[in-house]
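Understanding the architecture of this molecule
One letter stands for each residue in the lines below.
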Amino acid sequence: MRRVVAILLLCLFFSCGFIKAPQQKVTTIDVPGSGRCLFLYTEGIKRNIIDNDTLQARNLFLKALEVDSTYAPAHYELAANILYEQPSKAIRHARRAVELDSTNRWYLQLYGQALLVGRRYVEALPVFEKLVRTERNPDHYRLLAALYEQDRRPFSAIAILDSAERQFGLNPYLGEMKRRLLLSTRQFDKALDEAKKMVEAIPYAPENHIALGEVYALMKRDSLAEISLRRAVQTDSTSIAAWAALGEFYHQKGDMGAYFDATYRLVNLENLPVADKIDIFRQLTANRTFYQENYHRIDILATMLHNRNPENREVMELFAEHLIRSGKLNEALALYKAQVGRADADRESYTAVMEIESYLGHADSVSLYLHKALVRFPEDAELYIRRGHLHLLDKEYDKAIKGYCEALKHAGNDTLRSTIWGYIGDTYHQQAIRGEEVVIEGAFGTRSANKVERKNMERCYDCYTKALTLHADNAGVLNNYAYFLSLEERDLERALTMAERAISLTENNPTYLDTKAWILHKLGRNDEAKRAMRQAISLDRTNSADLQLHYGDILAALGERFMAEVYWRKALDNGYDKGSIEQRLNRLKQKK
């Protein structure tokens, strides 16, 4: 709160325009060097006002003070010149000007301003108390009230604003400040009186009706609050603040129909910036439950927003996202395809088309748009990675690795290169599972081997080593490397270190916990493996058959046969190979 008030003080002072030339006739003092001092001061004024050369003016004022350090006008002008760049020095010079001529109100004003800019509010308070006593200026009252509030003296602030009202009459800025202070001190009836006075004095200003409505709302007088807020929008149907306040009132009361109607009118306003409209729409759709319950209204709003701003990229993406969440994939796809047809299409539009087409199972279309994207963005490593992924899905391992190697040529940093080497390693692992060999020129030179599976696994580990050399904290590679070593029951201590590092780099990843548990199981540390596996099972939201199978194996190793059978059967229900499960169950029966 104190920070908010501090910022308010600065904003208020910046609007006051206090820096003015001293309203006094400068007289020279008849001492040696005084003529030189006046000449330098006058030249500084010329540079500052006529030439707008503040740096040269500053140097001339400093030289004038070197001649006569008691020359108050030079202190004043120098303080004004450096006020926002060097507030501490400005305070010293302004204070010195006041000390040399305590009757000059311009010096005192600048001193007060310098203290505010320097955020020395305690020192500024007596300065503005003196200004209020000596000069009729509503800005002084406003700033003094803000300083009292900053000093946690709200009642003194209210009293000074009352005094300002008696002298200057009703003032919207002072009135708003006073009303806020009355509300903060829970003087609701007085705040209501203030709001009513402003409405009676300036009934054509929607902000006054808004203020009255908000006071009524705080006093739980909802019917009067609604009347006042509706008068605000009747007073000015283009008022952003009025429609926003009315909508917020209905939202607080839980009247979602009226809230949405007010929001719709707000978003429809021509004078509301598009960025604000987008923010409002995002707020409306942030809560999934609210989004589902009010889908039809939100759909109307989204359509209107897009129709009114068809060329706005962010609005288009917002509308496409809404269509996707609505299940209207073909309509969203049409939007993105229209974007990629433009001369200024970006890569994100191509990516969106490929992702939707991939979800719809249109592999040929994915390949087509990937080719188009590569023609347009031939240096984009992410697109070559996507090409590699497509070939990997089709089990075209040699083409997949070629795609990844092409991505390496365009990767811009070691983190991305590490990721790509991880993908190449994963591809070799898939190849090893199939028992087939990939012969590629460029990745490792031309290779061939008789023991195809062993060779491909060694290539896989080579790739993982390269990946970790480039980026030691590549969690995915650490996990895969560790898990594949555990499957081969080799370098298990090293594998455990990598698995634990992968876990430390992520938060609550059940797959990584499963890897650690499986390595501990292979090491014979089944009690520890059980704890890690239990945590993995509790975090898993996919009912992974692999995790359930591993947990069953660990439980069986601990002699917990009944629970082992329970988890094996869960794995079977979730799609694990029936033969493997039956083998385990048979072994369990034989042990019995």
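Numbering of residues starts from 1 in each chain and follows the order in which that chain's sequence is written. Since the coordinates come from a predicted model, pLDDT governs what is reported: local features require at least 70, and pairs of side-chain atoms require 80 or more to be given and counted, while whole-chain, interface and lining totals use all residues. Side-chain descriptors were evaluated using all non-hydrogen atoms of the structure, hydrogens and water having been removed beforehand.

1. Some words on the side chain of Asn479
How we decide: Helix numbering and strand numbering both begin at the N terminus, where a helix is a DSSP run of H or I of at least 4 residues and a strand a DSSP run of E of at least 2. The classification of residues rests on relative accessible area computed with a 1.4 Å probe and restricted to protein chains. Under 20% of the type maximum is buried, over 50% is exposed, and intermediate values are partly exposed. In the analysis that follows, any N or O atom pair within 3.5 Å is treated as a polar contact, provided that within protein one partner can donate a hydrogen and the other can accept it, and provided that, for residues neighboring in sequence, both atoms belong to side chains. Residues count as neighbours in contact if any of their non-hydrogen atoms are within 4.5 Å of one another.
Note on placement: Asn479 falls in helix α27 (residues 475-488). For Asn479, a relative accessible area of 4% gives the class buried. A polar atom in the side chain of Asn479 sits 2.7 Å from the side chain of Thr515. Excluding its chain neighbours within four sequence positions, the residues that come into contact with Asn479 are Ala502, Thr511, Tyr512 and Thr515.

2. Brief notes about the nonpolar core
Stated formally: Only buried residues count toward a nonpolar core. Its members are Ala, Val, Leu, Ile, Met, Phe, Trp, Tyr and Cys residues joined through side-chain atoms within 4.5 Å.
Ile420, Ile424, Tyr461 and Trp568 are the most contacted members of the largest nonpolar core, which totals 120 residues. Setting aside residues up to four positions removed in sequence, Trp568 forms contacts with Leu549, Gly552, Asp553, Ala556, Ile581, Arg584, Leu585 and Leu588.

3. Considerations on the confidence of the model for the protein
Definition in use: For every residue, the predictor states its confidence as a pLDDT score lying anywhere from 0 to 100.
Overall, the predicted model of the protein reaches an average pLDDT of 87, with 91% of residues at or above 70. pLDDT under 50 marks residues 1-32. Its contacts with residues more than four places away, or in other chains, come to 72 contacts. Scored below 50 in pLDDT, residues 437-450 makes 37 contacts in the model with residues more than four places away or belonging to other chains.

4. As for the packing of aromatic side chains
Under the convention used in this document: Within 6.5 Å between ring centres, the rings of Phe, Tyr and Trp (the latter by its six-membered ring) count as paired, and their orientation is classed by plane angle as stacked under 30 degrees, edge-to-face over 60, tilted in between. Remark: a charge is flagged as sitting over a ring if the NZ atom of Lys or the CZ atom of Arg is within 6 Å of the ring centre and within 35 degrees of the ring normal.
In this structure the tally under the stated criterion is 14 aromatic pairs. For the pair Tyr41 and Tyr71, a centre-to-centre distance of 5.4 Å together with 80 degrees between the ring planes defines the contact as edge-to-face. With Tyr41 in helix α2 (residues 34-49) and Tyr71 in the loop between α3 (54-67) and α4 (72-81), the pair connects residues that are 30 residues apart, well separated along the chain. Given the relative accessible area of 7%, Tyr41 is considered buried. Exposure remark for Tyr71: the relative accessible area of 6% places this residue in the buried category. Ring centres of Tyr464 and Phe484 lie 6.2 Å apart, and the angle between their planes is 20 degrees; this geometry places the pair in the stacked category. With Tyr464 in helix α26 (residues 452-470) and Phe484 in helix α27, this residue pair connects regions lying 20 residues apart in the sequence. Across the pair, Phe484 and Tyr464 agree in class, each one buried. Members of the aromatic cluster, each reached through a chain of ring pairs, are Tyr461, Tyr464, Tyr481, Tyr483 and Phe484. One cation-aromatic arrangement involves Arg142 over Tyr173; the distance from NZ or CZ to the ring centre is 5.8 Å. The ring of Tyr369 has Lys372 lying over it, and the distance from NZ or CZ to the ring centre is 4.8 Å.

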